[in-house]
Amino acid sequence: MLKRFFLALVVFSPIFLQAQLVARTVKASNGQTIGFYEFTPSDYTKSGTKHPLIIFLHGVAERGNGTTELSRIAKVAIPKYLKNGMTMRFHVDGRWQSFVVLMPQLSSSYGGWQTFYTEEMINYANKNLNIDPDRIFLTGLSLGGGGVWSYASSSAANASKLAGIVPVCGTCGLSSAANLVNNKV
């Protein structure tokens, strides 16, 4: 009997340890509904070790309605890798690190990323996920890269919420580089 239990544990453990990519929505303080994907790594728990957070802002071609068009996000970059099985676990300095990732979808009615999208993702993560508020990273591709510059440089308060930024091929909509420098982003 005990032998069968351990065999079942070995066979079914990978199923229970799979990372999760889940579609979610949140109502922004301005009343707009934001559709997004939430990824939690296989070692994620609601208590214990806090995970760093990555917020990914997509490019112009992935805009949509946040519900039936949300899958557009998973065509490029981090969301594509997650959809295809990337674990977001890395061995660094002798220990494993894993990341929680949030990926909002910009409404097609906007020509560029509005700062409230990132703000709502940070608020959602702080209220609902076991993340380390001192390790929040903002990244984006193309239009999303511009959104990274815009959010991080628009105020000292925004910059102070971020541990780092990675704008990729984004137009530089830098409001104030001093906000980034003074907050050691």
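Check the entry above for the structure.
It should be emphasised that the depicted structure is a prediction, and the values quoted were computed from it without experimental measurement. Sequence order as written defines the numbering, with residues in each chain counted from 1. Selection of residues for local features in this predicted model requires a pLDDT of at least 70, selection of side-chain atom pairs for listing and counting requires 80 or more, and totals for whole chains, interfaces and linings are taken over all residues. Just so you know, side-chain values use all the structure's heavy atoms and leave hydrogens and water out.

A. Molecular detail of the environment of A61. Each helix is a run of H or I in the DSSP string that is no shorter than four residues. Each strand is a run of E no shorter than two, and both are numbered from the N terminus. Secondary-structure assignment places A61 in the loop between β3 (51–57) and α2 (77–83). Relative accessible area decides the class of each residue, using a 1.4 Å probe on protein chains only: under 20% of the type maximum gives buried, over 50% gives exposed, and in between gives partly exposed. For A61, a relative accessible area of 60% gives the class exposed. Taking C-alpha positions, A61 is 9.3 Å from S108, a pair spaced 47 residues apart along the chain.

B. Highlighting the pairing of strand β6 (residues 100–104). Counting buried positions along β6 yields five of five residues, so the element is predominantly enclosed. Covered by surrounding structure in β6 are V100, L102 and P104 together with V101 and M103, the residues of both alternating faces. Should DSSP find at least two bridges between two strands, the strands are regarded as paired. Direction of pairing for strand β2 (residues 33–40) relative to β6: antiparallel, over a ladder of four bridges. Each residue of the ladder has a partner; that of F39, found in β6, is V101.

C. Fine view of unusual backbone geometry. Backbone geometry places A77, a non-glycine residue, at a positive phi of 50°. Relative to the assigned elements, A77 resides in helix α2. Residue class for A77 comes out partly exposed when judged on its relative accessible area of 23%.

D. Examining the packing of aromatic side chains more closely. The criterion for an aromatic pair is that two Phe, Tyr or Trp rings (for Trp, the six-membered ring) have centres within 6.5 Å, with stacked assigned to planes under 30 degrees apart, edge-to-face to planes over 60 apart and tilted to the rest. Summed over all chains, the structure comprises six aromatic pairs. Taking the centre distance of 6.1 Å and the plane angle of 70° together, the rings of Y110 and F116 count as edge-to-face. For F116, a relative accessible area of 16% corresponds to the buried category. Ring pairs connect the aromatic residues Y110, W113, F116 and Y117, which therefore count as one cluster.

E. Geometry of the environment of N130. Residue placement: N130 occurs in the loop between α3 (115–128) and β7 (131–141). Residue N130 is classed as buried on the basis of its relative accessible area, which comes to 5%. A sequence separation of 81 residues divides N130 from T49, and the C-alpha atoms of the two residues are 7.8 Å apart. Residues count as neighbours in contact if any of their non-hydrogen atoms are within 4.5 Å of one another. Filtering out sequence-adjacent residues up to four positions away, N130 remains in contact with Y44, T45, K46, S47, G48, T49, K50 and H51.

F. Summary view of the environment of E119. Tracing the backbone shows E119 in helix α3. Among all residues touching E119, those that are not within four sequence positions of it are Y151, N158 and K161. Throughout this description, a polar contact denotes any pair of N or O atoms lying within 3.5 Å of each other; where both atoms belong to protein, one of them has to be capable of donating a hydrogen while the other can accept it, and for residues adjacent in sequence the pair is counted only when both atoms sit in side chains. A distance of 2.4 Å separates polar atoms of two side chains, one belonging to E119 and the other to K161.

G. Main features of the packing of α3 against helix α4 (residues 143–154). To get an axis, fit a line to the C-alpha atoms, keeping to the stretch in contact for a helix; angles then go from 0 to 180 degrees between the N-to-C directions. Their axes nearest at 9 Å, the elements α3 and α4 cross at an angle of 75°. The angle between α3 and α4 falls in the class roughly perpendicular. Residue-level inspection shows T115, T118, E119 and I122 of α3 in contact with α4, the latter providing S150, Y151 and S154. Put simply, Ala, Val, Leu, Ile, Met, Phe, Trp, Tyr, Cys and Pro go in the nonpolar bin, Asp, Glu, Lys and Arg in the charged bin, and everything else, Gly too, in the polar bin. Classifying every residue of the contact of α3 with α4 by side-chain character gives two nonpolar, four polar and one charged. Our angle categories are set so that under 35 degrees counts as roughly parallel, over 145 as roughly antiparallel, 65 to 115 as roughly perpendicular, and the remainder as oblique.

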